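Coordinates in review
Listed below, chain by chain, are the residues.
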Amino acid sequence: MASSRRPCRQLHQPRCGGPARPGSGARKFAFVFLPDFPAFSERMATEQPQMTLDPVVTLTAIARETERIGLVATSSTTFNEPYNLARQFKALDVVSHGRAGWNAVTTSDPAAAANYGQAVAERPERYGRAHEMLQVVEALWGSWGQDAWLKDKASGRFVDVSKVQPVNLQGQHVASRGHLPIPPSEQGQPVVFSAGGGQYGLTIAGRHASGVIGAAFTIEDARAQREAAREAAQEAGRDADDVKYFAGLMLGVGEDARDVLNRRLAYASDHLPSRLPYLGGMLGLELRSERIDEPLTPQELADARPSPFDPRSERALEVAREGWTLREVLVHGVIDYHPTPIGSPETIADHLQEWFEAGACDGFWLSPDVHDQDIDVFVDEVLPILRERGL
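Cut-offs and rules
Residues numbered from 1 in each chain as written. Predicted model: local features only at pLDDT ≥ 70, side-chain atom pairs only at ≥ 80, totals over all residues. Heavy atoms only, no water. Helix = DSSP H or I, 4+ residues; strand = E, 2+ residues; numbered from the N terminus. Rg over C-alpha atoms; globule rule 2.2 N^0.38 Å. Buried < 20%, exposed > 50% of the residue type's maximum accessible area, 1.4 Å probe, protein only. Contact = heavy atoms within 4.5 Å. Patch = residues over 30% accessible without salt bridge, like charges linked within 9 Å, V, L, I, M, F, W, Y side chains within 5 Å. Areas by Shrake-Rupley, 256 points an atom, 1.4 Å probe, with all protein chains shown as cover. Salt bridge = Lys/Arg side-chain N within 4 Å of Asp/Glu carboxyl O. Lys, Arg positive; Asp, Glu negative; His and termini not counted. Charge placed at Lys NZ, Arg CZ, Asp CG, Glu CD. Pairing = 2+ DSSP bridges. Axes fitted to C-alpha atoms, helices over the stretch in contact; angles between N-to-C directions. Arc of directions from axis to C-beta. pLDDT = per-residue confidence, 0-100. Core = buried A, V, L, I, M, F, W, Y, C linked by side-chain atoms within 4.5 Å. Phe/Tyr/Trp six-rings, centres within 6.5 Å; stacked < 30°, edge-to-face > 60°.

1. Focus: the overall build of the protein
If you tally the helices and strands in the protein, you get 13 helices and 13 strands. A compact globule built from 391 residues would reach a C-alpha radius of gyration of about 21 Å, and the protein, at 23 Å, matches this within 12%. Expressed as lengths along the three principal axes of its C-alpha atoms, the size of the protein is roughly 80 × 50 × 40 Å. Out of the 391 residues in the protein, the part that is buried amounts to 48%. For the protein, the share of sequence-separated contacts (at least 6 apart) that also reach a separation of at least 24 residues comes to 72%.

Here it is as structure tokens:
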């Protein structure tokens, strides 16, 4: 859910993210985002499979049934060649009438690497290849000049071939001659997203990305990540506002916190005992599974010391001090990798408002508990509250 839309920069081709929103002033979901993990996971034995379908194929199917929602797919710079990747995403952009985005990631998982007959390269090599991939892919997307696509049926001239240029790029890791034989979409070319952290990821975001998919657990961390991405853009010669930072949120919406916890306990309770030692490590306590349905004792609360190396620890102790059982503390989402506000629509709106007004993000990407329920509740009950507040 983006906070606002700025005009696209008219460079070689327009790079505006997705189609224009309806004129009613409504601000709803701007894009659907699909991660990717190209390997088998042992977690499929007990948990619902996720990320098993090719995201570009999936979003192409979604494109045919939708008109406005942006379509952002993750694809690896490590195990793809630039021409294939540029062709895939440009085709999705054309099919969707200018709604495609590419979340460019390096891949460091050994299981994924083995599926491609490779070993995991060191980080400098992976990111060196990523920079070359992005340069070549964006060049291929822009190989059609501004007026190359004529579409003149009367004269029988469809393309001005003098305005479709080969890219002829050769790097240390990848190369392509070009051209890409796909005309521009309504938005010109797909929007680039970045989800990588650290200095290597910041360099990618600063040079290439229009959106950063963030992973921050506190306002302070999110604000620092957002500022770092903006500074990286400026260092690359871009305007800081060219990069939008989206903070992650794993929300549960219900009548109140108890309502959401009951729902989570119904579908996640079997996995909680195995997570108890991790919670104990966050709080500096030894927690045994036979006590999972008991709260921490007063002495344990006094002895608890949040880990200085885990920003989630303070929140975990805060929830424990409210008197919940250890099982209920876990289903609050305190060891998830994004903030997990739960409760009424007003509670969720309060969280969004606090983060946005603190300068922690430009918008949010949301992962709800139950998609076919919580998305409707969010749109119908949370967004009207935000609009009433002028957000």
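2. Digging into a negative patch on the surface
Side chains of E346, D372, D376, D380 and E381 sit close together on the surface and give a patch of like negative charge. Of all the elements, helix α13 (residues 371-388) adds the most residues to the negative patch, at four residues. Relative to the assigned elements, D376 resides in helix α13. Looking at D376, the relative accessible area reads 46%, which means it is partly exposed.

3. Structural notes on the pattern of salt bridges
As a working rule, side chains carrying opposite charge can pair if their charged atoms are close by. Counting across every chain of the model gives 15 salt bridges. The partner of D293 in a salt bridge is R327, with the nearest N and O atoms 2.7 Å apart. With D293 in the loop between α8 (276-283) and α9 (298-303) and R327 in helix α11 (residues 326-331), this pair connects stretches of sequence that are 34 residues apart. A salt bridge links R312 to D310, with the nearest nitrogen and oxygen atoms 2.7 Å apart. This pair shows no difference in class: R312 is buried, exactly as D310 is. It is possible to trace a salt-bridge network through shared partners that takes in R263, R264, D369 and D374.

4. Regarding the environment of Q118
By secondary structure assignment, the location of Q118 is in the loop between α3 (110-115) and α4 (123-141). Residues Q118 and F79 lie 39 residues apart in sequence; the distance between their C-alpha atoms is 8.9 Å. If near-sequence neighbours (up to four positions away) are discounted, Q118 is found in contact with F79 and A113.

5. Overview of the sheet that holds strand β13 (residues 363-366)
Taking strand neighbours across the sheet as the criterion, the seven strands line up as β1-β2-β3-β8-β9-β10-β13 in an open arrangement whose pairing is parallel. The open sheet has two free edges, formed respectively by β1 (31-34) and β13, since each of these has just one partner strand. Taking each pair of neighbouring strands and ignoring which way they run, the sheet shows an average axis angle of 30°. The pairing of strand β8 (residues 191-194) with strand β9 (residues 211-213) spans two bridges and is parallel. Across the sheet, residue F193 finds its bridge partner in β9, namely G211.

6. Observations regarding unusual backbone geometry
Excluding glycine, residues mostly have negative phi values, and the peptide bonds linking residues are mostly trans. Cis geometry is found at the peptide bond from G178 to H179, where omega equals -10°. Structurally, H179 is set in the loop between β7 (175-176) and β8. Non-glycine residue H97 carries a positive phi angle of around 60°. Relative to the helices and strands, H97 resides in the loop between α2 (82-95) and β3 (100-105).

7. Thoughts on helix α10 (residues 313-320)
Of the residues making up α10, those classed as buried are S313, A316, L317, V319 and A320. Looking down the long axis of α10, one finds its buried residues gathered within 160° of arc, a one-sided arrangement. Elements that come into contact with the buried residues of α10 comprise α8, α9 and α11.

8. Some words on the confidence of the model for the protein
In the predicted model, the protein carries a mean pLDDT of 88, and the fraction of residues at 70 or more is 92%. Contacts of residues 1-24 to residues separated by more than four positions or lying in other chains number 68 contacts, the stretch itself having pLDDT below 50.

9. A short note on the pairing of β13
Looking along a regular strand, one sees side chains alternate from face to face of the sheet. Going residue by residue along β13, you find G363 and W365 tucked away on one face and F364 and L366 tucked away on the opposite face as well. Here strand β10 (residues 244-249) pairs with β13 via four bridges, running parallel. By the bridge assignment, G248 is partnered in β13 with W365.

10. Examining the nonpolar core
Counting 29 residues, the largest nonpolar core has L352, W355 and F378 as the members making the most contacts within it. Of all the secondary structure elements, the ones that give two or more residues to this core are α6 (219-235), β10, α12 (345-357), β13 and α13. Ranked by the residues each element gives to this core, the list is headed by α13, at seven residues.

11. With respect to the packing of aromatic side chains
Across all of its chains, the model carries ten aromatic pairs by this definition. Ring geometry for F33 and W365: centres 6.3 Å apart, planes at 45°, overall tilted. With F33 in strand β1 and W365 in strand β13, the pair connects residues that are 332 residues apart, well separated along the chain. Between W102 and W141 the ring centres are 6.1 Å apart and the planes differ by 85°, which places this aromatic pair in the edge-to-face class. With a gap of 39 residues between them, W102 in strand β3 and W141 in helix α4 connect regions that are remote in the sequence. An aromatic cluster is defined as three or more aromatic residues linked by ring pairs; in this entry it consists of F31, F193 and F246.

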